[in-house]
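Residue-level listing of the chains:
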Amino acid sequence: LLGHGKDMVAFILMVGFTDSRDPIRFGPRDWVLVLLALLMSGPLAFVLSPGYGPLRQVFNPPGGIPCVQHGWFLYSFMFARLVLNYFHMKGLGPKTQVVLAFSAALLFPDDVWDLVPDAARMWLWQNNAGMRYKGFRWSFLFMTACYLLGFHGGATTVHWARRHAPSAGWKVA
């Protein structure tokens, strides 16, 4: 239902690498991301859902508005962009950003959700596939750390791979 976690990690690493070519700021592309996430949590989810007609037995239609479900990745990506902008605004270096993000992902306590009212936790669990299957630490903190790793280390890794490629055919990309 959610997709493989390793696929999502690879995807967020690639998004971070792609974003590293642009300046660090909250710009028009980020506003489009916010708009798309809100549309996917609302009316667009009903238009794109395969849970109607003959596929209803296989897929469930969206539960209501707002309904994050599989749009959880857009919210994780927005969170990662906000963290990147905040760290940049505070003047933190790339290595520090990555270490802080992975430390938060490793050290954030799971039982902190006990402080959140039961109704809010149940709503998140029912309406957000990322929170239901992976949890907050993975969906937001770990994915943010992977985004920052892709953002700050992606270009270096690609250059290293090109230098160490076994043949000239590999260096085309």
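As the structure is a prediction and not an experimental result, all values here were calculated from the model.

S.K.: I'm lost on the overall build of the chain in this one. Help?
M.R.: Across its full length, the chain carries eight helices and zero strands. Listing the helices and strands of the chain from first to last along the sequence gives α-α-α-α-α-α-α-α. Counting all 173 residues of the chain, 36% fall into the buried class. Excluding contacts between residues fewer than 6 apart, the proportion of contacts in the chain whose partners are at least 24 apart in sequence is 75%.

S.K.: Is there a simple way to explain the layout of surface pockets in this structure?
M.R.: In this approach, a probe sized like a water molecule rolls over the atoms, and the result shows the empty space that is left. Its boundaries defined by the atoms lining it, the second largest pocket holds a volume of some 190 Å³. Forming the walls of the second largest pocket are Asp110, Trp113, Arg121, Leu124, Trp125, Met131, Arg132, Lys134, Gly135, Phe136, Arg137 and Trp138. Among the elements of the structure, α6 (118–127), α7 (129–133) and α8 (136–163) are those that each provide at least two residues to the lining of the second largest pocket.

S.K.: Just checking my understanding: could you explain the packing of aromatic side chains for this structure?
M.R.: What describes a pair of aromatic rings is the distance from one ring centre to the other and the angle between the planes of the rings. What the rule picks out here adds up to nine aromatic pairs. Between Phe26 and Trp31, the ring centres sit 5.0 Å apart and the planes meet at 85 degrees, which makes this aromatic pair edge-to-face. Residue class for Phe26 comes out partly exposed when judged on its relative accessible area of 34%. The exposed category is assigned to Trp31, whose relative accessible area is 54%. Here a set of aromatic residues connected by ring pairs shows up, and it is made of Phe79, Phe108, Phe136 and Phe140. Positioned above the aromatic ring of Trp138, the side-chain terminus of Lys134 is 5.0 Å from the ring centre.

S.K.: I tried to follow the side chain of Arg81 on my own but got confused; where do I start?
M.R.: Within the secondary structure, Arg81 is located in helix α4 (residues 72–89). In this structure the side chain of Arg81 is engaged in a polar contact, spanning 3.0 Å, whose partner is the side chain of Tyr147. Arg81 has contacts with Asp19, Arg25, Asp30 and Tyr147, leaving out every residue within four places of it along the chain.

Reading guide: rules and limits
- Residues numbered from 1 in each chain as written.
- Predicted model: local features only at pLDDT ≥ 70, side-chain atom pairs only at ≥ 80, totals over all residues.
- Heavy atoms only, no water.
- Helix = DSSP H or I, 4+ residues; strand = E, 2+ residues; numbered from the N terminus.
- Buried < 20%, exposed > 50% of the residue type's maximum accessible area, 1.4 Å probe, protein only.
- Contact = heavy atoms within 4.5 Å.
- 1 Å grid on protein atoms, 1.4 Å probe; cavity = no way out; pocket = protein on both sides within 12 Å on 5 of 7 lines; lining within 4 Å.
- Points joined across faces, edges and corners; volume = space filled by probe spheres on them.
- Phe/Tyr/Trp six-rings, centres within 6.5 Å; stacked < 30°, edge-to-face > 60°.
- Lys NZ or Arg CZ within 6 Å of the ring centre and 35° of its normal.
- Polar contact = N/O pair within 3.5 Å; in protein donor to acceptor, adjacent residues only side chain to side chain.

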